[in-house]
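# Summary of structural features
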Amino acid sequence: QTFGCQMNEHDSEKLGAMLNAMGYEPSLMADNADLIIYNTCAVRENAELKVYGNLGHLKLIKRRNPNLKIAVCGCMMQQPAIVKEIKAKYKHVDLVFGTHNLYKFPELLSESMSSDSILIDVWDVDGEVVEGLRSDRKFELKAFVNIMYGCNNFCTYCIVPYTRGRERSRRPEDILNEIKELVANGTKEVTLLGQNVDSYGKTLEEEDRMTFAELLRAVNEIDGLERIRFMTSHPKDLSDELIEVMKNSKKICKHLHLPLQSGSSDILQKMNRRYDKEKYLNLVEKIRTAIPDISLTTDIIVGFPGETEEDFLETVDVVKKVRYD
């Protein structure tokens, strides 16, 4: 069961492929399962509370079926306090691992099978970019493709740099090969994933160096691919080159997810977003001038600590001016 963002969904697809290779088959009912995995999210408190609630419920199922294996992974597990809590209060859990060592799952599961106590393997260093992992794709026609991992932005409200680590970009060649293989197997649409796709390529070696706009051009050239989407863009990094590529490509969907978070320049500064209201509105105008029929979506946080009524009204003002879809 997956909680959280598209990145988590794609991680679950990778776990699904590993489980298929190990001979497991999906079960729709927890009561019938031999193995239950929760892939967790740490961004929203509600998702964390759901995980705790579900783990509590599994106590009864484990009592009825002592052979049941319970694994918990994902972003929540990158926080030592949460791992400590699971160890203390949820002793029926068998395996805990984090976001950086997903590829070790079959080995960890095998180890936990022969262990009587909870096995915890969480790395607090950024994982390597591991290539060659298969994915059990949910849909035949569309697929998620990671182009990078982690984030360097440190917005003050966000835990992602601590759970997913610093930015690491995949080599363009590996990304393009993955997409070509998907297309050969019937995929028509890909969604390129990154915490901040606009800063793609900055960590690559000189011979592989490529901007996000250049990567999109290369993906656009793949025969048989019909639609390209991507998320998420950061307003501070969105380049004129990217707008130009979107404008001229028939394959890139005319949709941009451009998180605002707040319309108040004061609050944006407290959030460490590194743009202000004026810069955001100017960017939207530039995008709409180049691509008049573009669909714009966003993220907004209301009630950020210290937010006044005036700050809130600044956000309402941006929403009225931009007219998000």
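Below or above, wherever it landed, is the structure these notes cover. The structure displayed is predicted, hence computed values, not measured ones. (Residues numbered from 1 in each chain as written. Predicted model: local features only at pLDDT ≥ 70, side-chain atom pairs only at ≥ 80, totals over all residues. Heavy atoms only, no water.)

Bringing the overall build of the protein chain into the picture now. Helix and strand counts for the protein chain stand at eleven helices and eleven strands. Here the protein chain has a C-alpha radius of gyration of 21 Å; the compact-globule value for 325 residues is 20 Å, and the two agree. Within the protein chain, counting contacts between residues at least 6 apart in sequence, those at least 24 apart form 74% of the total. For the protein chain, the accessible area works out to roughly 16,400 Å², and carbon and sulfur atoms hold 49% of it. (Helix = DSSP H or I, 4+ residues; strand = E, 2+ residues; numbered from the N terminus. Rg over C-alpha atoms; globule rule 2.2 N^0.38 Å. Contact = heavy atoms within 4.5 Å. Areas by Shrake-Rupley, 256 points an atom, 1.4 Å probe, with all protein chains shown as cover.)

Moving on: the pattern of salt bridges. Enumeration over the complete set of coordinates arrives at 19 salt bridges. Glu226 serves as the salt-bridge partner of Lys188, at 3.8 Å between the closest nitrogen and oxygen. Taken together, the positions of Lys188 in the loop between helix H6 (172-184) and strand E8 (189-193) and Glu226 in the loop between helix H7 (212-220) and strand E9 (227-231) put the pair 38 residues apart, joining distant regions of the chain. Exposure remark for Glu226: the relative accessible area of 44% places this residue in the partly exposed category. We note a salt bridge from Glu241 to Arg217, for which the minimum N-O separation is 3.4 Å. (Salt bridge = Lys/Arg side-chain N within 4 Å of Asp/Glu carboxyl O. Buried < 20%, exposed > 50% of the residue type's maximum accessible area, 1.4 Å probe, protein only.)

Sheet architecture is open: three strands sit in the order E5-E8-E9, paired in parallel fashion. Only two strands of the sheet have a single partner each, and these edge strands are strand E5 (142-146) and E9. Sheet twist, expressed as the mean angle between neighbouring strand axes with direction ignored, is 25°. Summarising the sheet, E5 and E8 pair through five bridges and their orientation is parallel. Following the sheet pairing, Asn146 is matched in E8 by Leu193. Relative to the sheet, H7 contacts E8 and E9, its axis offset from that of E9 by approximately 155°. (Pairing = 2+ DSSP bridges. Axes fitted to C-alpha atoms, helices over the stretch in contact; angles between N-to-C directions.)

Ile147, Ile179, Leu192, Phe212, Leu216, Phe230 and Tyr280 are the most contacted members of the largest nonpolar core, which totals 48 residues. Setting aside its immediate chain neighbours within four residues, Ile179 contacts Val145, Val190, Leu192, Val219, Ile222 and Leu225. Formed by 24 residues, the second largest nonpolar core is a distinct cluster that contains Val51, Tyr52, Ile61 and Val83. (Core = buried A, V, L, I, M, F, W, Y, C linked by side-chain atoms within 4.5 Å.)

Strand order in the open sheet formed by four strands is E1-E2-E3-E4, with parallel pairing between adjacent strands. Strands with a single pairing partner mark the edges of an open sheet, and in this sheet they are strand E1 (35-40) and strand E4 (119-121). When strand polarity is set aside, the average angle formed by the axes of neighbouring strands in this sheet is 10°. Summarising the sheet, strand E3 (residues 95-97) and E4 pair through three bridges and their orientation is parallel. Note on E4: the bridge partner recorded for Val96 is Ile120. The strands touched by helix H1 (residues 6-21) within the sheet are E1, strand E2 (69-74) and E3, with E1 carrying the most contacts at an inclination of about 155°. Contacting E1, E2, E3 and E4, helix H4 (residues 105-113) runs over the sheet at an angle of about 155° to E3.

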